[in-house]
Amino acid sequence: QVQLVESGGGLVQPGGSLRLSCAASGFAFSSYAMRWYRQAPGKERELVAGIATFGGITNYVDSVKGRFTISRDNAKNTVYLQMNSLKPEDTAVYYCSAHSVGSPDYWGQGTQVTVSS
């Protein structure tokens with residue numbers, strides 16, 4: 001049974017940091033590119049960051065470059081999103097996703113991140 005379980009969300013003040021984790025099971029984690037998406041109320045889901053299978057290539061949406069870092073630990077079947085210098089506009093539900101060409105994408109249930117004073 002495929003599972004992606006996000007954790008680490010919460011309420012943080014502007015300028016603060018959070019580290020999201022996504023624990024994967026039930027599929028060959030190291031063979032999948034991993035992505036973090038977010039969806040704010042009333043907005044479409046947005047790709048925030050992605051990382052290749054062995055972590056050598058990463059990409060970010062412009063709005064988070066220099067503030068967010070995606071990483072993965074294939075030994076632990078876990079992908080992370082370190083979020084620094086958080087802004088109110090980063091408030092959203094954050095989802096992790098596993099992607100492999102020719103296979104369906106897998107999704108987690110999401111974790112809420114709220115940036116507010």
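Details of the structure are given in the entry above.
Residues numbered from 1 in each chain as written. Predicted model: local features only at pLDDT ≥ 70, side-chain atom pairs only at ≥ 80, totals over all residues. Heavy atoms only, no water.

Trainee: Which residues make up the overall build of the protein chain, and what values do they have?
Mentor: Along the protein chain, the regular secondary structure elements total zero helices and 11 strands. Along the protein chain, helices and strands appear, N-terminal first, in the series β-β-β-β-β-β-β-β-β-β-β. Compactness check: the protein chain gives a C-alpha radius of gyration of 13 Å against a globular reference of 13 Å for 117 residues, within 12% of the reference. The principal-axis extent of the C-alpha atoms belonging to the protein chain is close to 40 × 25 × 25 Å. Burial statistics for the protein chain: of 117 residues in total, 40% are counted as buried. (Helix = DSSP H or I, 4+ residues; strand = E, 2+ residues; numbered from the N terminus. Rg over C-alpha atoms; globule rule 2.2 N^0.38 Å. Buried < 20%, exposed > 50% of the residue type's maximum accessible area, 1.4 Å probe, protein only.)

Trainee: Please give an account of the packing of aromatic side chains that cites residues and values.
Mentor: Across all of its chains, the model carries five aromatic pairs by this definition. Consider the rings of Phe-27 and Phe-29, whose centres lie 6.4 Å apart with planes at 55 degrees: the pair is tilted. Phe-27 sits in the buried class, given a relative accessible area of 14%. According to the relative accessible area criterion, Phe-29 is buried, its value standing at 1%. Where Tyr-37 meets Trp-107, the ring centres are 4.8 Å apart and the plane angle is 50 degrees; that geometry is what we call tilted. Remark: Trp-107 occurs in strand E10 (residues 106–107) and Tyr-37 occurs in strand E4 (residues 33–39); sequence separation between them is 70 residues. The rings of Phe-27, Phe-29, Tyr-32 and Tyr-106 are connected pair by pair, giving a single aromatic cluster. A cation sits over an aromatic face here: Arg-72 above Phe-29, 4.5 Å from the ring centre. (Phe/Tyr/Trp six-rings, centres within 6.5 Å; stacked < 30°, edge-to-face > 60°. Lys NZ or Arg CZ within 6 Å of the ring centre and 35° of its normal.)

Trainee: Before we move on, could you go through the sheet that holds strand E1 (residues 3–7) and cite the residues and values that matter?
Mentor: On the basis of which strands lie adjacent, the open sheet formed by four strands has the order E1-E3-E8-E7 and antiparallel pairing. At either end of the open sheet lies a strand with only one pairing partner, and these are E1 and strand E7 (68–73). Neighbour to neighbour, the strand axes of the sheet diverge by 15 degrees on average, direction disregarded. Both E7 and strand E8 (residues 78–83) contribute to a ladder of six bridges, which runs antiparallel. Counterpart to Thr-69 in the pairing with E8 is Gln-82. (Pairing = 2+ DSSP bridges. Axes fitted to C-alpha atoms, helices over the stretch in contact; angles between N-to-C directions.)

These values are about where atoms sit, not about what they do.
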